[in-house]
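The lines below spell out each chain.
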Amino acid sequence: MSTTATASNRALAGLLLRRFTLRHWRSAPGQSALLVLILALGIAVFFSIRLANRAAVASFQNFTDLITRESDWIITAPAGLLRETILPELRERLGEQPVSIIPVLDTTASPPRRADFEEIGSRPTFQILGLDLVAVQNLASARSPDRSWFGQASGVDSFWRLLRSPRAVFVNAALAAREGLTVGSKLPLVINERVVELEVAGIIPQPPGDPAAPVTLLIMDLAALQPLAGKLGRLDRIEFLVEPGPDDAARRAHLREQLAAWGDGRWFVSSPADRRENAALMTRAFRMNLTILSLIALLVGVYLIFQALDGAVVRRREEIAILRSLGVEERAIQRAWLVEAALVGVVGGLLGALLGWAGAQFSVRFVGRTVNALYYATSVQSAHLDRAELAAALALAVAGSLVAGWVPARDAARTPPAQVLVRHAVAAPGRRVFRNGWLGLALLAAGALLAALPPWRFPGGRLPLAGYAAALCWIFGGGIVAAILLRPSARLWQPLGARWVSVKLAASQLVNPSGRHRLAVAGLLCAVAMTAGMATLVASFEATMQGWIERTFQADLYISSYGAQSASTQNRIAPATWRAVTNHPGVAGFNGVQACEILLNGQRTILASGNLDFLQRHTRMAWRQAPLSDDIFRPERNAALALASEAFTERFQLRRGDVVTVPTPAGPQRLTIAGVFSDYGNERGTLVVERGRWTEWFGDEYLSSVILVLRPGFAPESVRAELLGRHPGLNIFTNGHIRGEVLRVFRQTFAITYALELIGVVVAVLGLALTLVSVLLDRRNELTTLRALGLDWHEMARATAWEGSLVALCGVGGGLVVSVALGWLLIFVINQQTFGWTLSFRLPWAQLGALAALVVGAAAGVSYAVGWWGAALPADREE
Amino acid sequence: MVAAVLLWLACGVCGVTNAAEFRPPLTTAEGFAVPQPGRRFEFPRDHGAHPEFKLEWWYVTGHLFAADERRFGFQATFFRRAGPGGSAGTNTVDTGPGGNSPWFRSDEVHLAHIAVLDVRTGKFVFQERLNRRGWDADVTTNGLHAWNGNWSLRMTNAASGAMELIGSVRAEAAFRLALTPEKPLVVFGENGVSRKGASPTAASHYLTFTRLKTVGTLRLGAETFAVHGRSWMDHEISSSQLDPGQAGWDWACLQLHDGRDLMAYRMRRKDGGPDPFSTLAWVDVGGRVTQVGAAQFSWQTVGTARHPRSGVSYPNRVKLTASDPAGGPDAVVELQLEPLAPHQELDGGLSGIPYWEGACRVLDAQRREIGAAFLELTGYAGALGGRF
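Residues numbered from 1 in each chain as written. Chains lettered and ligands numbered in written order. Predicted model: local features only at pLDDT ≥ 70, side-chain atom pairs only at ≥ 80, totals over all residues.

It is worth spelling out the overall build of chain A at this point. Across its full length, chain A carries 26 helices and 23 strands. Considering only contacts within chain A whose residues lie at least 6 apart along the sequence, 84% involve residues at least 24 apart. (Helix = DSSP H or I, 4+ residues; strand = E, 2+ residues; numbered from the N terminus. Contact = placed C-beta atoms within 7 Å.)

Now for the domain arrangement of chain A. Residue and element names in this part refer to chain A. Here chain A is partitioned into domain 1 (1–66 + 276–425), domain 2 (72–270) and domain 3 (563–728). Distance from the C-alpha centre of domain 2 to the C-alpha centre of domain 3: 30 Å. On the side of domain 3, 21 residues touch domain 2, which itself brings 21 residues to the contact. Mapped onto the side of domain 2 that touches domain 3, the elements with two or more residues apiece are β3 (99–110) and β6 (186–191). The element contributing the most residues to the side of domain 2 that touches domain 3 is β3, with four residues. Of the residues contributing to the side of domain 2 that touches domain 3, the split by class is nine nonpolar, nine polar and three charged. (Domains from an automatic or database assignment. Nonpolar A, V, L, I, M, F, W, Y, C, P; charged D, E, K, R; others polar.)

Attention now moves to helix α11 (residues 317–325) of chain A. All names here are of chain A. Along α11, the residues that are buried comprise I320, L323 and R324. One side of α11 holds all its buried residues, which, seen down the axis, span an arc of 100 degrees. G327 sits one or two positions beyond α11 and adopts a positive phi of about 95 degrees. (Buried ≥ 20, exposed ≤ 12 C-beta atoms within 10 Å, placed from the backbone. Arc of directions from axis to C-beta.)

Residue and element names in this part refer to chain A. Sheet topology note: the strand β17 (residues 623–625)/strand β20 (residues 669–677) ladder contains two bridges and is antiparallel. Paired with Q625 across the bridge in β20 is V676. Where strand β18 (residues 641–645) meets β20, five bridges bridge the pair, whose relative direction is parallel. When the bridges of β20 are listed, S645 appears paired with F677. Between strand β19 (residues 659–662) and β20, which pair antiparallel one after the other, the connecting turn spans six residues, and G667 there sits at a positive phi close to 100 degrees. (Pairing = 2+ DSSP bridges.)

Once that is clear, we can look at the pairing of strand β1 (residues 73–76) of chain A. Residues and elements named next belong to chain A. Residues W73 and I75 point to one face of β1 and I74 and T76 to the other, with burial holding for every one of them. Examined bridge by bridge, β1 and strand β10 (residues 237–242) share three bridges and lie antiparallel to one another. When the bridges of β10 are listed, I75 appears paired with I238. Summarising the sheet, β1 and strand β11 (residues 268–270) pair through three bridges and their orientation is antiparallel. For T76, the partnering residue across the bridge sits in β11 and is F268.

What follows concerns the interface of chain A and chain B. Residue-level contacts link 39 residues of chain A with 33 residues of chain B. Only α4 (86–94), β3, α5 (158–164) and α7 (222–229) of chain A provide two or more residues apiece to the side of chain A that touches chain B. Among the elements that take part in the side of chain A that touches chain B, α7(A) stands out by supplying five residues, more than any other. Its residues placed into classes, the side of chain A that touches chain B shows 20 nonpolar, nine polar and ten charged.

We now examine the confidence of the model for chain A. All names here are of chain A. Taken as a whole, chain A shows an average pLDDT of 81; of its residues, 86% reach a score of 70 or greater. Taking the mean pLDDT of every element in chain A, the minimum, 63, falls on helix α3 (residues 64–67) and the maximum, 95, on α4. Scored below 50 in pLDDT, residues 423–429 makes ten contacts in the model with residues more than four places away or belonging to other chains. (pLDDT = per-residue confidence, 0-100.)

Structure representation (structure tokens):
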């Protein structure tokens, strides 16, 4: 193509854009705005979830990065803690190699109690990092000219006083400012089950330009923290820094090999990147689920863009025909349409990103809270705008609108010039796809096949990809089938037309429905099916949980450290305290529970212990596979036995009778799974052994919780008050209270999924409005006729309201039917494959009814408004 | 600053006084041991740490030679310092309420310095390290094994006094050296006590190997050299503090080609006046010591170098004039110390005390090279007296 031709093409494209596309946008700004808004909402939901996910993952850090530079390698025990005696061993083995060895201890703490009953997870959790404050000063990056660890207090021998203080703590500058803390201030905190008054020794030194430490980070001298944390002689991890210089890459690699070889099962080596990746992997399924849910609104949005552009093609057919007859090429016309679609994508994408970024500031708390409750400690409070995510969201918006615009653009280009002569051309032939019942049925069948496939397993997790594909098939297939059913259902309404002219008008439109009507049905079905399906999952989950809680929570009092708030807190109960508690005269029996994370086959899971005879005497376990004998409950016979949670067996593909070898500080232990129980507490799986065995292996008598059954005559409330009076650092729940808390935490976890679904429904209802607007614009001549025949505005608006309601009814009806299938899929395939939890199916009738009424009602109201607007349309309006 | 609490370099001075009258108290006011005249040293035990004293150091300096006329200087020092109350008088250790772990003690901190000079390029590299007593830094009490991170000094043969020294400067330089005494151990001072001030507690036990045959390897950057040469090692044990009137000190150790060694020390007062505790000691080929007092030698500055990084001026060209015990009662010898590189400053980033510790050659009056020396210049970046 010659240069002139290219230039003239460009000029033509510009002209088409100005005179053809933008003119229409200007003449109907409301419609264009609605279209952009729909896309923006879809993008916003997606973007906000992505940002929140990213923030939650990014907030996982080793914290030592803030004090030193990032370590090269980290060693941790495969189960429990490292013994500090390996430090001299490591130095000796390393010989003259220039490597810094940084022992690290960490624990969590909470501010002391303010009210009698507080919600779990409602208080901030502080992360206390224990470092050798003398040694860290040797690391060049830890030296800050204006502020050092030891220089902040003044006076003779302040260095030694700080080094020997059992309570000295360094705080973040922001916390000091917020709480008015200065050197010497007292900071009371609950560490394990004790209220400890720490003393502020200064602000955490921070070299200029380095990222600020999180507000919840506290730093103490390792030697002072060990006794406070109940970890005497123990370390959480040891970090290694290879001195930079010649061959440092080779020396780093060599060090890793050496560490791995010397460990011999006592520890394993990872890099900070490995640990971050592991944290990311741990929450991957959870984040992926959220992302997929967040795409629903976008999917509905793309449906609607398709529909809107398709409508515009039909309405502007005359103009296109004129352009064609003027010699404008097919390709130029197609391009003009695609540019229009892309414009919608860009504007919608940008607006969506803006909304999404704002939304992320809220959703990040939900995501952070769930990650905190289920996986690891995060301190995430806000989500940052991320360029890669922004680019992804914009690309998705443009790609979505281009995909939606492709078929209409092709149709536009192929409009024969002769069309202009045909005054009464079929207004909207509709997409053939939505009239192909076989395709719909085929999709439904394909979904059924996909639902039977196993999950996709990757290192560290599993994801029900086939399950999601099945859901997509059913949504599309269901949409097609429901769209086809629009006509027969309209026929059902026709008899009513004899009495109400508005019904007659509406039914007559739908007996021969346009493609747009069909699309609206499919869009509504998609939104309603997903929302109702999710509601079914949540209801089933809740019903199952309630049953499980009824059976499992049978004891009278549940005791934990006041600092224990979620899976990520480390606060436990010291032996002296739990012995005092269990020696209370009112105690008839108790279960002392301990748990720690272990690494099994490269995956993190939980090893717990308890008094197993207590389980048999005082609870009714919810068994998936009940033990075949009583051995597991007899301490003298259960040494080589363990109970496994359902999630554990699902994750490691084991069952009753299988043998599993778990790492412990006392070496690997072979355990036979004696039974499998239901547990909805975590998805990583739990293996439970007798408490005596644990104490033997770990040499540690701290308990994470104590469960008490009281003798008759002792009221739980008064025993609780008495124990709390003596041990203010404990948290004690009565039976009723813990049941309520478990359900509350559970509901909180699902709050965000509800929010995502509801946005999908809002988008679908907006889409219905847009559909009706297009339909009325198509029919404006007919509307003029109706007005001439004497129909008043109310009747015309009512006719449109009926039309919208009928479409909505069809979409909602279909949606509810598909939702039952989706609910089944979510419960028995997707949830089972993601979390390994078996749930019983329950339909939330009231919620589904309310959802249906809400959607149909909203549709009727919106349609009435559109009808009212349409009734006023001038007959000769150009569009 | 860390510096305020870690004023280490209270160099042991060997004052010459009338020992007959010297009756120091058994302990300092803080409860640390005070060096007592007539102490009988037991080796190898006394090469190790003495926790009943507040301050102690093992100080090795030396000159190394490789093929191609390559020449190097090195310094390796291990200090221990007890905190207030420390482990005075006993071996039962007060680790403080937080110090429950024997691996993270709070009774003592250990500082160490390593420095390497490449004479050909004049490049001087050094590293400073501070650790609490525990798993990564300590000195044994039953014999000499001092370590701080990956640096260590260990006596490998109690009979001969042979030692192994391992040191590095980050990843830029590293050495592993075998040190073998060529002369018996010297105890400076009177009757085993080296006084450094008027206060009876201001004294130390000062034990020195003045001449150690040194063989080993030295790596500088990517180059590794087989090296041999000669080192000097001081082991000084004290609990004392510097007199508030003193600004700092200049110290030098000389190893002459004729087989004799010489240690000289000049105490500088804040008022610029002479300090009677300055001293000079000759060690002859057989290891016999002849000490002369402040009046019998002179320490003259003949040149000064301003360090480009710290801006501190160090008088690092020195002329020593002293009577020569080998040459009869009136023989006087002139010894000039000329630095092998002008800038051999340790910046004191952790200890807060910058000082100059550098390799020198020794010239006679005719400017013939007659030996090698190390020169130490302290208190030029601010007076030290009264700070500890």
